[in-house]
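Fold and geometry: a report
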Amino acid sequence: MDAFYASVEQRDFPEYRGKPLVVGGLPEGRGGVVATASYEARKFGIRSAMSSKQALQLCPHALFVRPRFAAYKEVSQKIREIFSRYTDLIEPLSLDEAYLDVSNDKLNIGSAIEIAQQIKDAIKNELNLTASAGVSVNKFVAKIASDIKKPDGLTFIGPSSVESFMESLPIEKFYGVGKVTAGKMKKLGLFTGADLKKLTEEEMTRSFGKAGAFYYRIVRGMDDREVQPHRETKSMGAEDTFAYDLTGQEEMHAELAKIAKTVHDRLLKYQLKGRTITLKIKYSDFRQITRSQSLPNCTDEMEILLSTTKNLLAATDIENSRIRLLGITVSNFLPMPVNNKPPTDQLSLFDI
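Cut-offs applied
Residues numbered from 1 in each chain as written. Predicted model: local features only at pLDDT ≥ 70, side-chain atom pairs only at ≥ 80, totals over all residues. Heavy atoms only, no water. Helix = DSSP H or I, 4+ residues; strand = E, 2+ residues; numbered from the N terminus. Buried < 20%, exposed > 50% of the residue type's maximum accessible area, 1.4 Å probe, protein only. UniProt positions renumbered as here; feature names shortened; annotations may be inferred. Contact = heavy atoms within 4.5 Å. Salt bridge = Lys/Arg side-chain N within 4 Å of Asp/Glu carboxyl O. Core = buried A, V, L, I, M, F, W, Y, C linked by side-chain atoms within 4.5 Å. Pairing = 2+ DSSP bridges. Axes fitted to C-alpha atoms, helices over the stretch in contact; angles between N-to-C directions.

Quick look at unusual backbone geometry now. The peptide bond linking K150 to P151 adopts the cis configuration, its omega dihedral lying at -5 degrees. Looking at the secondary structure, you find P151 in the loop between α6 (139-146) and β7 (154-156). The phi angle at D152 is positive, at roughly 60 degrees, despite the residue not being glycine. When you line up the elements, D152 lands in the loop between α6 and β7. For D152, a relative accessible area of 33% puts it in the partly exposed group.

Here it is as structure tokens:
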């Protein structure tokens, strides 16, 4: 989907249309974080994960709204209903993104490009939103292709074009190559896929560890991962970034209780019980730590979630701390009931 959260807001509220809109934490007080920005806002350099205060500096007349995750989830479910008309092999990555395997399409259309166009048209006509699609022979290339012509784009990379397409890409466009890795690659004189392709697998591994073998394959367009409709859920959690730093134990406990309630409700909804509870803390200076405890038995009980995270919090230096974010995650689950489908939402989405 194109600027999904912002696009839903502009669709639902005419006063936001055509204006630079930022969905996320508000810039007042200490400020929050940008979840997404409309394309009008992106022209000013506003990007996801940027602080709201920085976004306001880049565009003083930008509009800021808090996310409505319930609304986005409802739209996401409608989008997946459209997907399911064409294939049952759908692997959601988040509320606004998914892989579809259309090798055997349900409507016998016979063309992946035509299926992508029909899906885009249905989303636009039925939901008044735009989507961009990438069509190719595997997940990695399709993912990159989907970003080529945003917004409202459709890019096809056929089998004979995959290698030349990968060779022409700047290294920053490769999935899994972040700023740190990109900087390391550039120091080695690696700027494009063609540069990466000159290295042997051994050289790649020597320079980039286990990820080197991955880069060696994908720069050649090699990706044999299947679309997985029911990916195993490894963890479930929630976190919250606060408008003002928490400085007292009482307010920290109060916020932990709210987060624990969200996690508890999600565990019950998907009939999951976990043995390992993890507390995430981000301080006012953006330093971040996690503390975990594995219990004797799996649990989904609210009281245990809260008491465990309070104990984990107490084991840190909270007396002199200023906390901007807290999060709780449960993992190490019991086997899921046979008739229960795993969640297809991005349940680690932070609440802003």
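In the numbering adopted here, UniProt assigns the feature "binding site: Mg(2+)" (unreviewed entry) to D96. With respect to the secondary-structure elements, D96 resides in the loop between β4 (90-94) and β5 (97-100). Assessed through its relative accessible area of 27%, D96 is described here as partly exposed. When sequence neighbours within four positions are dropped, the list of residues in contact with D96 reads M1 and F4.

For the rest of this paragraph, the subject is the pattern of salt bridges. Within this structure, the stated rule accounts for 22 salt bridges. The closest approach of N and O atoms between R68 and E9, which form a salt bridge, is 2.9 Å. In this pair, R68 is assigned in the loop between β3 (63-65) and α4 (69-83) and E9 in helix α1 (residues 4-12), connecting sequence segments 59 residues apart. Classification of R68 by relative accessible area gives partly exposed; the value is 28%. Residue class for E9 comes out buried when judged on its relative accessible area of 2%. Among the ionic pairs, D195 bridges to K198, the shortest N-O distance being 3.9 Å. Taking relative accessible area as the criterion, K198 reaches 65% and is therefore assigned exposed. Three or more residues are tied together by salt bridges with common partners; here these are E9, R11, D12 and R68.

What follows deals with the nonpolar core. Counting residues in each nonpolar core, the largest one holds 29 residues, and the members touching the most others are V263, L267, I281, L313, I323 and L326. When contributions to this core are tallied by element, the ones reaching two or more residues are β8 (235-246), α12 (249-269), β9 (274-283), β10 (288-299), α13 (302-314) and β11 (323-333). The greatest single-element share of this core, amounting to six residues, is contributed by α12. Non-local contacts of V263, meaning those with residues more than four positions away in its chain, are made with M236, G237, A238, L305, I328 and V330. In terms of nonpolar packing, the next biggest core, distinct from the first, is built from 28 residues, Y5, V65, Y72 and I79 among them.

Next up on the list: the sheet that holds strand β2 (residues 34-37). On the basis of which strands lie adjacent, the open sheet formed by three strands has the order β2-β1-β3 and mixed pairing. In this open sheet, the two strands that pair with only one neighbour each are β2 and β3. The sheet shows a mean angle of 25 degrees between the axes of neighbouring strands, taken without regard to direction. Contacts from α1 reach β1 (21-24), β2 and β3, with the element oriented near 115 degrees to β1.

The sites that UniProt annotates as "site: Substrate discrimination" (unreviewed entry) are Y5. Relative to the helices and strands, Y5 resides in helix α1.

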